[in-house]
Amino acid sequence: MLQALDAAQYTTPTPIQAQAIPEVMAGRDIIGMADTGTGKTAAFSLPILHRFSEDGRRARAGTCRALVLCPTRELAVQIADSMRVYSGRYRPRVAIIVGGMAYGPQTRNLRSGVEVLVATPGRLEDHMKAGNIRLDETEILVADEADRMLDLGFLPAIRRIAQVLPADRQNLFFSATMPDSVRKLADGLLRDPMHIAVAQESPALDRIEQQVIAAESKEKGDVLVELLRDHTEDLTLVFTRTKRGADRLVQRLGASSIRAEAMHGNKSQAQRQRTLVGFRAGRTKVLVATDLAARGIDIDDIRLVVNYDLPNVAETYVHRIGRTARAGATGRAVSLCSREERPHLIGIERLIKCRIPKLTGPGGTVIEVTEPVEDENRRRQSARPEQPAKRRRKGHRGQRPSSNRHADGGQAEARNTGGRDTGGRAAEARGGDNRNADHRQADSRLADNRSGNSRGAEARHANKRAAGGERAGGKAGGQTAKDGHALQSMPFLRRRPADGADKTAAPARKRRRGNNKNERQVAVAS
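Residues numbered from 1 in each chain as written. Predicted model: local features only at pLDDT ≥ 70, side-chain atom pairs only at ≥ 80, totals over all residues. Heavy atoms only, no water.

Draft legend 1. Main features of the overall build of the chain. Secondary structure summary: the chain contains 22 helices and 14 strands in total. Across the 526 residues that make up the chain, the buried fraction comes to 47%. For the chain, the share of sequence-separated contacts (at least 6 apart) that also reach a separation of at least 24 residues comes to 72%. (Helix = DSSP H or I, 4+ residues; strand = E, 2+ residues; numbered from the N terminus. Buried < 20%, exposed > 50% of the residue type's maximum accessible area, 1.4 Å probe, protein only. Contact = heavy atoms within 4.5 Å.)

Draft legend 2. Layout of the pattern of salt bridges. Applying the stated rule across the entire model yields 21 salt bridges. Here Glu 139 ties to Arg 57 by a salt bridge, and the two come within 2.5 Å at their closest N and O atoms. Of this pair, Glu 139 sits in the loop between helix H6 (121–130) and strand E5 (140–144) while Arg 57 sits in the loop between helix H3 (40–55) and strand E2 (64–69), and the two are 82 residues apart along the sequence. Residue Asp 81 is joined to Arg 84 by a salt bridge in which the shortest nitrogen-to-oxygen separation is 3.3 Å. Of the two residues, Asp 81 and Arg 84 both sit in helix H4 (residues 73–87), three residues apart, roughly one turn of that helix. Its relative accessible area of 38% is what places Asp 81 among the partly exposed residues. Beyond isolated ion pairs, a larger network of salt bridges with shared partners links Arg 51, Asp 55, Arg 57, Arg 65 and Glu 139. (Salt bridge = Lys/Arg side-chain N within 4 Å of Asp/Glu carboxyl O.)

Draft legend 3. Expanded view of the sheet that holds strand E6 (residues 170–175). Strand order in the open sheet formed by seven strands is E3-E4-E2-E5-E6-E1-E7, and the pairing between neighbours is parallel. Only two strands of the sheet have a single neighbouring strand rather than two, namely strand E3 (94–97) and strand E7 (194–197). Here the strands of the sheet are splayed against their neighbours by 15 degrees on average, with no regard to which way each runs. Pairing between E3 and strand E4 (residues 114–119): four bridges, direction parallel. Bridge pairing in E4 places Ala 95 opposite Leu 117. Across the sheet, H4 touches E2, E3, E4 and E5, and the angle it forms with E3 is around 180 degrees. (Pairing = 2+ DSSP bridges. Axes fitted to C-alpha atoms, helices over the stretch in contact; angles between N-to-C directions.)

Draft legend 4. Expanded view of the environment of Ala 262. Mapped onto the fold, Ala 262 is located in strand E10 (residues 260–263). A C-alpha to C-alpha distance of 7.8 Å links Ala 262 and Thr 275, two positions 13 residues apart in sequence. Other than its neighbours up to four places away in sequence, Ala 262 contacts Ala 246, Asp 247, Val 250, Lys 267, Thr 275 and Val 288.

Draft legend 5. Molecular detail of the packing of aromatic side chains. Within the structure shown, the criterion is met by two aromatic pairs. Ring centres of Tyr 10 and Tyr 86 lie 5.5 Å apart, and the angle between their planes is 75 degrees; this geometry places the pair in the edge-to-face category. Here Tyr 10 is found in the loop between helix H1 (2–7) and helix H2 (15–25), whereas its partner Tyr 86 is found in helix H4, with 76 residues between them in sequence. Relative accessible area serves as the criterion here: at 5%, Tyr 86 is assigned to the buried category. We note Lys 220 situated over the ring of Tyr 308; from NZ or CZ to the ring centre the distance is 5.9 Å. (Phe/Tyr/Trp six-rings, centres within 6.5 Å; stacked < 30°, edge-to-face > 60°. Lys NZ or Arg CZ within 6 Å of the ring centre and 35° of its normal.)

As structure tokens, then:
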């Protein structure tokens, strides 16, 4: 391995390598943060390969000893190629499992077992469900570009993969940026991790000349053509927000006699590899790519990075411009900013903690950001129109007006407690305490029966004889309280007397109003 490193001109370790390699060899979990292009791949690859070469064990069929997860196909290919270079005479079996490549060859590579498996989370889960790979013997889990994987929504997949891994595994997380929210998620997967940060998470990137040109969306194409004509001999990487925008920009540059190639997720793996090889060899001077595809681009000769569309995530800006000024070189990063993208520019400047110089655009405008970001946010909050207060509805649903004071208004009695009439008290007894429904009905009807005279009882018996066909010579007016209760509990018998019945026997009842509670109880008892 030392001979292989000498051949690759690795003479002095970088700061992240000097701090991480001893801890990884000691078996500790690591969260490593360093600028893009500082050798993070070697920081975890070299100790893993050294450990495997020392014990000499080979992975069993259908298993792997080390699993490296990464967000993109290009980055997976780059990591696998680097490990093959670092291994020298050891020659470990390294397999790549990513989407966009043939499924059959990947399955055949996994059947015999591999020492190092480099994969994207989605395709790895496909092989796990098919039974092509088992992770119960995996010793080391590596997450490269961990923040990007979590930002892209790979956290559920990473958690599912981690559940089938051995509990005593070693975990290594490496990335260029690690926001607090992502760090908390990573801490849930790691055991007592050691945090290694060799640079600030939002560096000023002193070796990169950063500039902003004011240009509206319709002007950006002309500005880019003028910019590229000043860098005809340099490798230029142009970032767009969408895959469709990348294809349209390639056509626009081709109309201006500037050869460019596009690389994004809609391209097959063979097309992307062919484009990347041509760009690295210098046959294509301009490469238009999206953020996801550009994560795996590791070319030292890129001199110009253009943000055709400003990213809406400030950390992505750091990753973009980190494609230039690699291996101690210098570079230039130019961002085309429209009026709608100014909030993104403010967020970027707050992240890198410096103001980016603004150049005059083709329209003669200059972007000047003078007020702090906090003041700008406060101004936007204050500019929002106040929402009208919602009107509070008075009363409750289903309540009746308090003026309804008849005996049927138990809810009116609940609102107007000052009422002294017996009918209101009867309604309160029926609806206030929410007792059993049958008892409430009986009590209310007994409360309505204020008259204990025999004529009322005779009228009820007449109704019963007319409805049920009983004989006319029934019992006379002296009916017992038991019969009264039975009749009052059967409202369907309270009907109008039949044609043959004595209609004069039951004159119209008058409602009696009790003066107090005792009188009401006497009326009910009667």
